Amino acid sequence: MAAVPRWGAGTTGALLTLCSAGGIVGGLLYGRRIWRAAPSHRLLVLGATGTAALAPLATAPLLPVAAAALFALWACLDMLPITVYLLVDQLFPAGVRMEAGAWVNTAYNLGYSLGSALAGALLDRHGSGAAFIAATAAAGSGVFAAAAGGRYFRRPAPRSPALVGTEQAVDHGDLAKTEVLGLTDK
């Protein structure tokens, strides 16, 4: 939304393409890696990296800087929900995981809606720089809140070497076991 007044409609289309490419590349890299870090740690790293990528957009950067920042930002943004769902899987017992995931969806959609409304109001009144500053502040606040609440995310992730066939594999939760692999808990 704030990119159009800053860089123009034609350029914004190309920037949105870079956002999608960043998400694809980020997803491929994230999925290929065998993670040793807990989802709670990955959440903080992705949040901090995404916030750092968002920050330059507030200072009216040159187009190449904006392109690189948006690519990196979306590489992080597309991995955040995956990481949150893994964290939900780790923190909640099997009987309430679906409900916890629904609350994650609700919070995400509410944040997106409120953020879009705020960005639109800031864009109208103060320009694109104010919208990017507010987005950076909100992202940074979210990372700070997650870090401060980190003591609640200390339970170790359950391991299931049989799930993927290696000692280093992390169990990705009941959905992966029951629906994807056709296994049932007995």
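What counts and how
Residues numbered from 1 in each chain as written. Predicted model: local features only at pLDDT ≥ 70, side-chain atom pairs only at ≥ 80, totals over all residues. Heavy atoms only, no water. Helix = DSSP H or I, 4+ residues; strand = E, 2+ residues; numbered from the N terminus. Buried < 20%, exposed > 50% of the residue type's maximum accessible area, 1.4 Å probe, protein only. Contact = heavy atoms within 4.5 Å. Areas by Shrake-Rupley, 256 points an atom, 1.4 Å probe, with all protein chains shown as cover.

Which parts of the structure should I look at to understand the overall build of the protein?
Helices and strands together make up the secondary structure of the protein, namely nine helices and zero strands. Overall, the protein shows an N-to-C arrangement of helices and strands of α-α-α-α-α-α-α-α-α. When burial is assessed residue by residue, the protein has 34% of its 186 residues classed as buried. Nonlocal contacts in the protein, meaning residues at least 24 apart in sequence, comprise 69% of its contacts between residues at least 6 apart. Within the structure as shown, the protein displays about 11,200 Å² of accessible surface, and the carbon and sulfur contribution to it stands at 68%.

Could you clarify how one ought to interpret the environment of H41 in this entry?
Along the chain, the position of H41 falls in helix α3 (residues 39-54). The class for H41 is partly exposed, based on a relative accessible area of 46%. Sequence separation of H41 and T83 is 42 residues, and the distance between their C-alpha atoms is 9.5 Å.

Interpretation note: all reported values are geometric properties and have no functional meaning in isolation.
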